[in-house]
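# Structural characterization, general
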Amino acid sequence: MKFATNNKKINEIKSDCLMISVFNDGKLRGAAKLVSTANGKLIDDFIKNKDIQGKIGQTRIIPVTGKSYKRIVLVGCGKYENFSQKNYRRAVISALNKISKSNHKSVVSLIHDGVEKIDNPKKAYRLSRVLAESWHSISYQYTTTKESNKKNLGLRKIEIGTNGKKATRDLKIGLEHGDAIGKATQLVKHLGDLPANICTPSYLASVARKIVSKNKSATLKVLNEVQMKKLGMNSLLSVTAGAKEPAKMIIAEFKNGPKNQKPVAVVGKGITFDTGGISLKPSNKMDEMKYDMCGASTTIGLLQMVTELNLPINAVFVVPACENVPSSTATLPGDVVKSMSGTTIEILNTDAEGRLILADALTYTQKYKPKLIIDMATLTGACVVALGAHHSGLMSNSDQLAEKLFECGQTTDDVTWRLPLTEEYADQIVSNFADVANISTRGSGAGTITAGCFLQKFVGDYDWAHIDIAGVAWAEGANKGATGRPMGLMSEFLINESKT
Ligand code: BES
Ligand code: MN
Ligand code: ZN
């Protein structure tokens, strides 16, 4: 897809389609008004005849003659007073979806015209970034094991129109960022949707290797089980103990910032399938545990995003990856292991495995003396109970970092909600036989927080945040599929970090 700015006056725009906004008050503004007048009050008539009511996501394609553009695409944008980025995104997505299903090759979006101030740098950046991201959102298709999912999308060029104004730098950067974030989000979805018999730890490593090979500031290290054993990663190894499929610790370094600047560390849970192990999960919906590597896929997506944009940042991406399956060599409930940090762990439930692989990954990450550490994990079913599919669970030992991540979620509509990590919760994970237990031994409440408290024991004094994405990383039911979250919020965070 080619993304560009178009600074032609509206009646001189050459394109297959012009996208224009219609609000539910029926009042025409900006581009909609101009285009209607230029076409004999065409849009006014549509509204008058109730052929479009301006409902959010509603679309109408109207062919026109004698103009440099061939079609007008009316896009419902809901209530004018409530026009938010979220509504803009919904409008753009439904319009692009509609256009791409017809055989039109090019489109210029003027949805914002008359509503938003495109000459405001921040607005310009958001409008164009969301436009580019939206294309990648609707054009994602999972075809690896179902070829008939392939849609033939004819659209080749998407432009954002300025109606004669000079396109600002922010407008172009927004398109560039949106393109890279959108593509990376497609990768996150793809890896999530792949079944566990394809998407193995080794497969994840091969994807990371390919990404790193394209940027000379990036390097990759993949640790095998022998190397992990030497490093004392017995917590991680206890999870893979029942599996034939080899575990991998994938570490990508990206050094593209100031030489002495400490790296930002991103860590993602990479359980390529979670059966629960000996503490076996019930069969119902167990297939969804192929998504238990969505923290890992987002980490790899972020690696792709920063390398493609060549962001001026130092960052390290760490993915502990393995399967959690039962067998005669699997870890047994009550087993005690010594983690890489030296802390001993009583494994009371082998289904609380994410924290076990993250413990060693978090310890290992400190080797890079990071500025801060953020981990993402489909960690607890309790998070789905608490926050559902809307907010990710955010936990942190740093108010400042938590605040920043919260804000990134708000600006990108990839929202989080903070949960407390106070001592009372940490007191729930005591063990009579080890330094810590991997589940609560003092009541069953606060499962998401006790998991967070467990992780906190492995981050030392580093500024750290944990994002529990169990409820947001994939959708269930008829629309089953990975969502690509939390790419939006995390790409925002890394882009911001690259500017400091
Ligand atoms: N991967 C799961 C968490 C999960 C469950 C995510 C359902 C999304 C949907 C994790 O490894 C797990 O099994 N957690 C246990 C922890 C419990 C044993 C303390 C859980 O949430 O049941
Ligand atoms: Mn589990
Ligand atoms: Zn899991």
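These numbers come from a predicted model, not from an experiment.

Thresholds applied
Residues numbered from 1 in each chain as written. Chains lettered and ligands numbered in written order. Predicted model: local features only at pLDDT ≥ 70, side-chain atom pairs only at ≥ 80, totals over all residues. Heavy atoms only, no water. Phe/Tyr/Trp six-rings, centres within 6.5 Å; stacked < 30°, edge-to-face > 60°. Buried < 20%, exposed > 50% of the residue type's maximum accessible area, 1.4 Å probe, protein only. Helix = DSSP H or I, 4+ residues; strand = E, 2+ residues; numbered from the N terminus. Donors = N, O, S within 2.8 Å, 3.2 Å for Na, K, Ca; no water. Tetrahedral: all angles 85-135°; square planar, octahedral: opposite > 155°, others 65-115°. Salt bridge = Lys/Arg side-chain N within 4 Å of Asp/Glu carboxyl O. Near = heavy atom within 4 Å. Polar contact = N/O pair within 3.5 Å; in protein donor to acceptor, adjacent residues only side chain to side chain. Nonpolar A, V, L, I, M, F, W, Y, C, P; charged D, E, K, R; others polar. Domains from an automatic or database assignment. Contact = heavy atoms within 4.5 Å. 1 Å grid on protein atoms, 1.4 Å probe; cavity = no way out; pocket = protein on both sides within 12 Å on 5 of 7 lines; lining within 4 Å. Points joined across faces, edges and corners; volume = space filled by probe spheres on them.

### Comments concerning the packing of aromatic side chains
- This structure, assessed with the given rule, holds seven aromatic pairs.
- For the ring pair Phe 83 and Tyr 88, a centre distance of 6.2 Å and an interplane angle of 85° mean the geometry is edge-to-face. Grouping residues by exposure puts Phe 83 and Tyr 88 together as buried.
- Residues Phe 406 and Trp 417 carry aromatic rings whose centres are separated by 6.0 Å and whose planes lie at 70° to one another, so their mutual orientation is edge-to-face.

### Describing the environment of Glu 423
- As for its placement among the helices and strands, Glu 423 is situated in helix 13 (residues 423–426).
- With a relative accessible area of 64%, Glu 423 lands in the exposed category.
- In sequence terms Glu 423 and Ser 283 are 140 residues apart; their C-alpha atoms lie 35 Å from each other.

### With respect to the coordination of the manganese ion (ligand 2)
- The manganese ion (ligand 2) binds to the protein through Asp 274 (OD), Asp 351 (O), Asp 351 (OD) and Glu 353 (OE); the donor distances cover 2.0 to 2.2 Å.
- Classification of the site at the manganese ion (ligand 2) as irregular follows from its six donor atoms and the range of 71 to 169° in their angles at the metal.
- Between the manganese ion (ligand 2) and the zinc ion (ligand 3) the interatomic distance comes to 3.2 Å, and Asp 274 is a ligand of both metals. Residue Asp 274 is located in strand 10 (residues 270–274), and its partner Glu 353 is located in the loop between strand 13 (344–347) and helix 10 (354–365); the two are separated by 79 residues in the primary sequence. Taken individually, Asp 274 and Glu 353 each receive the classification buried, so the pair is uniform in this respect.

### Considerations on the coordination of the zinc ion (ligand 3)
- The zinc ion (ligand 3) binds to the protein through Lys 269 (NZ), Asp 274 (OD), Asp 292 (OD) and Glu 353 (OE); the donor distances cover 2.0 to 2.4 Å.
- Bound by six donor atoms, the zinc ion (ligand 3) shows angles of 79 to 176° at the metal and therefore octahedral coordination geometry.
- Counting gaps between the donor residues of the zinc ion (ligand 3) yields the pattern K-x4-D-x17-D-x60-E.

### So, the pattern of salt bridges
- Taken as a whole and assessed by the stated rule, the structure comprises 22 salt bridges.
- Between Glu 476 and Lys 285 there is a salt bridge, with its nearest N and O atoms 2.7 Å apart. Here Glu 476 is found in the loop between strand 19 (474–475) and strand 20 (481–482), whereas its partner Lys 285 is found in the loop between strand 10 and helix 9 (294–309), with 191 residues between them in sequence.
- Residue Arg 418 is joined to Asp 399 by a salt bridge in which the shortest nitrogen-to-oxygen separation is 3.0 Å. Linking Arg 418 in strand 16 (residues 416–418) with Asp 399 in helix 12 (residues 399–412), this pair joins segments that are 19 residues apart in sequence.
- Relative accessible area serves as the criterion here: at 55%, Asp 399 is assigned to the exposed category.
- One continuous salt-bridge network, built from bridges that share partners, spans Arg 89, Arg 126, Arg 129, Glu 133 and Glu 492.

### Quick notes on the site of ligand 1
- Taken together, 16 residues surround ligand 1, and among them Lys 281, Asp 292, Asp 351, Glu 353 and Gly 381 come closest.
- A distance of 2.9 Å separates a nitrogen atom of ligand 1 from a polar side-chain atom of Asp 292.
- One nitrogen or oxygen atom from the main chain of Leu 379 is found 3.5 Å from a nitrogen atom belonging to ligand 1.
- Class assignment of the residues belonging to the shell around ligand 1 gives a composition of five nonpolar, four polar and seven charged.

### As for the domain arrangement of the protein
- Here the protein is described as being made up of domain 1 (2–162) and domain 2 (183–497).
- Each of domain 1 and domain 2 has a C-alpha centre, and these two points are 38 Å apart.
- The interface is formed by 13 residues belonging to domain 1 together with 15 residues belonging to domain 2.
- In this assembly, domain 1 and domain 2 are joined by two salt bridges.
- Between Arg 129 and Glu 492 there is a salt bridge, and its shortest N-O distance comes to 2.7 Å.
- Where domain 1 packs against domain 2, one counts nine residue pairs in polar contact (both at pLDDT 80 or more).
- Among the elements that make up the side of domain 1 that touches domain 2, the one with the highest residue count is helix 4 (residues 121–139) (six residues).

### Things to note about the layout of surface pockets
- Its boundaries defined by the atoms lining it, the second largest pocket holds a volume of some 370 Å³.
- Lining the second largest pocket are 19 residues; nearest its centre among them are Pro 121, Lys 122, Lys 123, Tyr 125 and Arg 126.
- Looking at the lining of the second largest pocket, the elements that each hand over two or more residues are helix 3 (85–101), helix 4, helix 5 (169–193) and helix 15 (487–497).
- Ranked by residues supplied to the lining of the second largest pocket, first place goes to helix 4 with eight residues.
- Its residues assigned to classes, the lining of the second largest pocket shows seven nonpolar, four polar and eight charged.
- Each of domain 1 (2–162) and domain 2 (183–497) accounts for three or more of the residues forming the lining of the second largest pocket.

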